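Coordinates in review
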Amino acid sequence: MATYIIRRLLQAIPILIILSVLLFAIVRLTPGGPLAAAERNPSISKEALEAMRKKLGLDQPLPIQYLRWVQQIVTEGDLGDSIKFRRPVSTMIAERLPNTLLLVGVSFLITLIIALPIGAIAATRPQSWFDHLTTTLAFMGQSVPVYWLGLVLIVIFYIIIKNPFTGGPLFPAGGMHSLERKDTLDLLWHMVLPVTALSFTWAGWYSRYLRASMREVLHEDYIRTARAKGVTETFVLYKHALRNALLPVVTLIALDLPSLFGGALFIETIFSWPGMGRLFWDAARGRDYPVLMGVIMIEAVLILLCNLLADMLYGFLDPRVRYD
Amino acid sequence: MTEVIETSQVKYESPTQVVLRRFFRHKLAPLATILFLLMVSSALLAPLSPYTPTQQAPANAFQPPSASHWFGTDELGRDIFTRILYGGRISLSVGLLATALTLVLGVLVGALAGYYGGWVDNLLMRITDAFLSFPVVLVLILISSLLRDLPIAIMRNSVLVVILVISALSWMWSARLVRSLVLTIRERDFVIASRALGAADHRLILIHILPNCIGPILVNGTLEMAYAVILESGLSYLGFGVQPPTPSWGNILASAQLFVFKAPWMAIYPGVMIFIAVMCINYIGDGFRDALDPYVIHTKEKF
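**Focus: the overall build of chain A**
Secondary structure assignment for chain A yields twelve helices and zero strands. Seen in sequence order, chain A has helices and strands lined up from the N terminus as α-α-α-α-α-α-α-α-α-α-α-α. Taking the principal axes of its C-alpha atoms as reference, chain A extends roughly 80 × 60 × 35 Å. Relative to its full complement of 324 residues, chain A shows a buried share of 36%. For chain A, contacts bridging at least 24 residues in sequence account for 68% of all contacts bridging at least 6.

**Notes on the overall build of chain B**
Counting its secondary structure elements, chain B contains 13 helices and zero strands. Ordered by position from N to C terminus, the α and β elements of chain B give α-α-α-α-α-α-α-α-α-α-α-α-α. Along the first, second and third principal axes, the C-alpha atoms of chain B reach 75 × 60 × 40 Å. Every one of the 303 residues in chain B was classed for burial, and the buried ones make up 43%.

**A look at the environment of His208(B)**
Residue and element names in this part refer to chain B. Here His208 is to be found in helix H10 (residues 201-209). Spatially, the C-alpha atoms of His208 and Arg186 are 9.0 Å apart, while their sequence positions differ by 22 residues. In this view, His208 contacts Phe190, Val191 and Ser194; residues no more than four positions away in its chain are not counted.

**Considering the interface of chain B and chain A**
Listed per partner, the contact involves 44 residues of chain B and 44 residues of chain A. Breaking the side of chain B that touches chain A down by element, the ones donating at least two residues are helix H5 (118-132), helix H6 (136-149), helix H11 (214-238), helix H12 (249-258) and helix H13 (265-292) of chain B. The dominant element in the side of chain B that touches chain A, judged by the number of residues it contributes, is H6(B), at ten residues. Partitioned by chemical class, the residues of the side of chain B that touches chain A number 31 nonpolar, eight polar and five charged.

**A look at unusual backbone geometry**
Residues and elements named next belong to chain A. We note that Gln127 has phi near 65°; this positive angle belongs to a residue other than glycine. With respect to the helices and strands, the residue Gln127 is situated in the loop between helix H5 (89-124) and helix H6 (129-143). Its 12 C-beta neighbours within 10 Å are what place Gln127 among the exposed residues. Although it is not a glycine, Arg287 adopts a positive phi angle of roughly 50°. Counting through the fold element by element, Arg287 comes out in the loop between helix H11 (276-285) and helix H12 (289-317).

**Things to note about helix H4 (residues 80-116) of chain B**
Each turn of an α-helix holds 3.6 residues, which means side chains three or four residues apart point in the same direction. Taking 1.5 Å as the rise per residue, H4(B) with 37 residues should run 54 Å; its terminal C-alpha atoms sit 52 Å apart, in good agreement. The buried fraction of H4(B) amounts to 26 of the 37 residues, a majority that puts the element mostly inside the structure.

**Here we look at the packing of H12(A) against H6(B)**
Two elements in contact, H12(A) and H6(B), have axes whose closest approach is 10 Å; the angle formed by their N-to-C orientations is 155°. The orientation of H12(A) with respect to H6(B), classified from their angle, is roughly antiparallel. Of the two elements, H12(A) crosses H6(B), and the hand of that crossing is left-handed. Residues Leu292(A), Val295(A), Ile296(A) and Glu299(A) of H12(A) lie in contact with H6(B), whose contacting residues are Leu138(B), Val139(B) and Leu142(B). By residue class, the composition of the contact of H12(A) with H6(B) is six nonpolar, no polar and one charged.

**What to know about the packing of H4(B) against H13(B)**
Residues and elements named next belong to chain B. Where H4 contacts H13, the two axes come as close as 11 Å, and the packing angle between them is 35°. For the crossing formed where H4 meets H13, the hand is right-handed. Counting all contacts with H4, which are made through Ile80, Ile84, Gly87, Gly88 and Leu92, the residues of H13 involved are Met266, Tyr269, Pro270, Met273 and Ala277.

**Comments concerning the confidence of the model for chain B**
Residue and element names in this part refer to chain B. Predicted confidence across chain B gives a mean pLDDT of 83, with 91% of residues reaching 70 or more. Throughout residues 296-303 the model reports pLDDT below 50, and contacts reaching past four residues in sequence, or to other chains, amount to six contacts. In the predicted complex, the global pTM is 0.86; the interface-specific ipTM is 0.84.

**Details of the nonpolar core**
Among the nonpolar cores identified, the biggest contains 155 residues, and Ile267(A), Phe280(A), Leu292(A), Val295(A), Ile296(A), Leu138(B) and Val229(B) are the most heavily contacted of them. In this structure Val229(B) touches Ser91(B), Gly95(B), Ile274(B), Ala277(B), Val278(B) and Ile281(B), once residues within four positions along its chain are discounted.

**With respect to the confidence of the model for chain A**
Detailed reading of the predicted coordinates is not advisable wherever pLDDT falls low. Across chain A, pLDDT averages 84, with 94% of residues at or above 70. Of all helices and strands in chain A, the one with the weakest mean pLDDT is helix H2 (residues 36-40) of chain A (66), whereas H5(A) scores best (92).

**Quick word on the environment of Thr124(A)**
Residues and elements named next belong to chain A. Tracing the chain through its elements places Thr124 in helix H5. The exposure class of Thr124 is buried, given the 22 C-beta atoms found within 10 Å. Taking C-alpha positions, Thr124 is 8.1 Å from Met214, a pair spaced 90 residues apart along the chain.

**Notes on the environment of Ser93(B)**
Assignment of secondary structure puts Ser93(B) in helix H4. Each C-alpha atom, one on Ser93(B) and one on Ile143(B), is 21 Å from the other, the two residues being 50 residues apart in sequence.

Each value, and the rule that gives it
Residues numbered from 1 in each chain as written. Chains lettered and ligands numbered in written order. Predicted model: local features only at pLDDT ≥ 70, side-chain atom pairs only at ≥ 80, totals over all residues. Helix = DSSP H or I, 4+ residues; strand = E, 2+ residues; numbered from the N terminus. Buried ≥ 20, exposed ≤ 12 C-beta atoms within 10 Å, placed from the backbone. Contact = placed C-beta atoms within 7 Å. Nonpolar A, V, L, I, M, F, W, Y, C, P; charged D, E, K, R; others polar. Expected span 1.5 Å × (residues − 1). Axes fitted to C-alpha atoms, helices over the stretch in contact; angles between N-to-C directions. Parallel < 35°, antiparallel > 145°, perpendicular 65-115°, else oblique. Left-handed = near helix turned anticlockwise from the far one by under 90°. pLDDT = per-residue confidence, 0-100. Core = buried A, V, L, I, M, F, W, Y, C linked by C-beta atoms within 7 Å.

Now the structure itself:
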């Protein structure tokens with residue numbers, strides 16, 4: 001197992017190299033380079049600009065610059081400083097990362113809790129009213145733009161429907177905490193709308209993945225064998241069929257991971273959720289390239305780690321897979 | 001005598017006819033096709049509207065929906081219905097062109113990797129894997145904002161930039177699909193036979209292998225198009241896609257969001273249009289999947 005994990009981590013290195021070279025090239029080849037925004041900013045003096053240029057090593061040839069950039073990240077965890085805020089990018093990301101992980105993690109769990117039972121039940125009762133209803137809902141979840149769904153939720157639950165006890169809005173439309181309260185209950189209250197929007201769109205995909213996969217598995221010979229042996233139907237469905245049907249779903253979910261963070265970016269932007277997506281959007285509008293590159297690199301690492309996790313889960317679900 | 005033969009003949013159906021017949025047996029796909037064509041044609045007929053998408057009338061701002069302004073007016077007094085029609089032209093054509101480019105890239109990479117195998121396959125698939133683990137939306141935002149900063153006149157065209165960046169970051173799924181198809185078709189007898197007859201590689205790929213992949217590529221294309229429409233609107237919504245004054249569903253939604261308290265109806269229409277368009281595309285894709293899949297049993301499913 002340990003050797004497998006090490007080998008997989010080594011395999012991730014070329015991917016990170018491709019991504020970092022692309023990012024580096026793209027950002028450096030634009031006119032003015034990474035300091036274009038700083039040069040336009042009148043509040044930054046010529047000396048400060050010169051110092052920034054020195055610190056970024058912009059007087060060196062490009063390959064040397066790239067190697068120094070990578071060396072700084074690997075040895076010191078230094079992703080450079082934000083041009084706008086003059087703070088280390090790594091600190092800014094460290095502040096935002098837990099918020100994004102909380103939002104994405106909770107939404108992902110709720111998605112699984114909703115989508116997996118729906119997909120499994122719909123697959124065992126094809127063409128029933130339950131199947132038709134959930135398939136239609138799933139199509140809606142797959143098709144609705146998450147940013148618009150977030151906006152509609154705000155219109156309905158913040159503007160139109162009021163809290164019958166206080167007369168205020170039923171759910172808050174933005175942020176993580178109220179000004180005066182910082183407890184968990186308040187946090188959960190702030191999470192309702194963003195998590196609903198994300199889970200609804202993701203659940204559409206996952207329930208359809210599982211339904212399709214389970215329909216296929218139910219035609220397999222080993223299912224007929226199990227039934228012929230007199231195994232109870234519940235046991236056949238939820239032990240034999242479900243476990244096998246989950247295998248391709250794990251692969252599909254792992255392939256989908258980048259879009260989870262994409263959805264989170266939209267939702268963080270709409271709900272002013274102080275996560276990495278919101279940070280990225282603000283930085284993109286100000287062309288704050290060190291922040292942009294840092295956030296992309298960190299999210300790529302997260303995606304690769306989650307992929308590794310998915311592969312290990314695959315081995316847990318399918319004992320035929322051996323890690324050596 | 002000839003009459004007898006004609007009446008006893010089994011009715012012949014071309015493969016296209018079979019697919020179409022099965023497509024129309026799907027409950028919602030034909031309906032979705034009609035609705036989608038209706039959206040496309042109303043976008044094409046947009047100039048028939050008495051208003052233009054950019055004509056401002058500040059005195060007329062924030063009108064609620066009425067007989068003269070079906071969807072009301074926006075903050076500058078522009079007719080929202082007209083803007084949605086023109087926005088549909090942009091959003092739908094970006095979706096279509098981005099899908100076309102995505103498929104061209106994906107088929108090229110997938111066919112080369114699947115046909116040649118070996119180091120070509122290894123290299124191309126490693127690049128594909130790398131692209132698959134990119135945080136797509138973030139990279140899209142970065143690249144589209146950078147491209148627009150370039151001192152190249154053509155990059156001022158935000159519609160073109162959006163098409164290019166969306167295709168550059170969504171070809172991977174079709175590449176993987178085409179590669180797996182080519183891997184199996186490459187070993188089929190008819191391909192081996194024409195190779196034995198001396199057919200060149202490009203002839204084998206273009207004439208013999210790719211035409212046999214059309215079905216799955218078509219289904220994949222509908223998924224890509226739904227994705228492209230959502231991505232374009234999302235990028236424009238965030239301010240990194242199609243730039244105003246050119247209307248697209250995404251940037252109409254973005255400006256509506258600013259006035260969501262004053263005029264909530266402004267935010268409803270552009271989103272509903274994206275929603276319906278994507279839903280239609282998804283149902284059309286589902287219809288094609290059922291029609292093209294020889295294993296789907298159309299009698300009531302039983303287990």
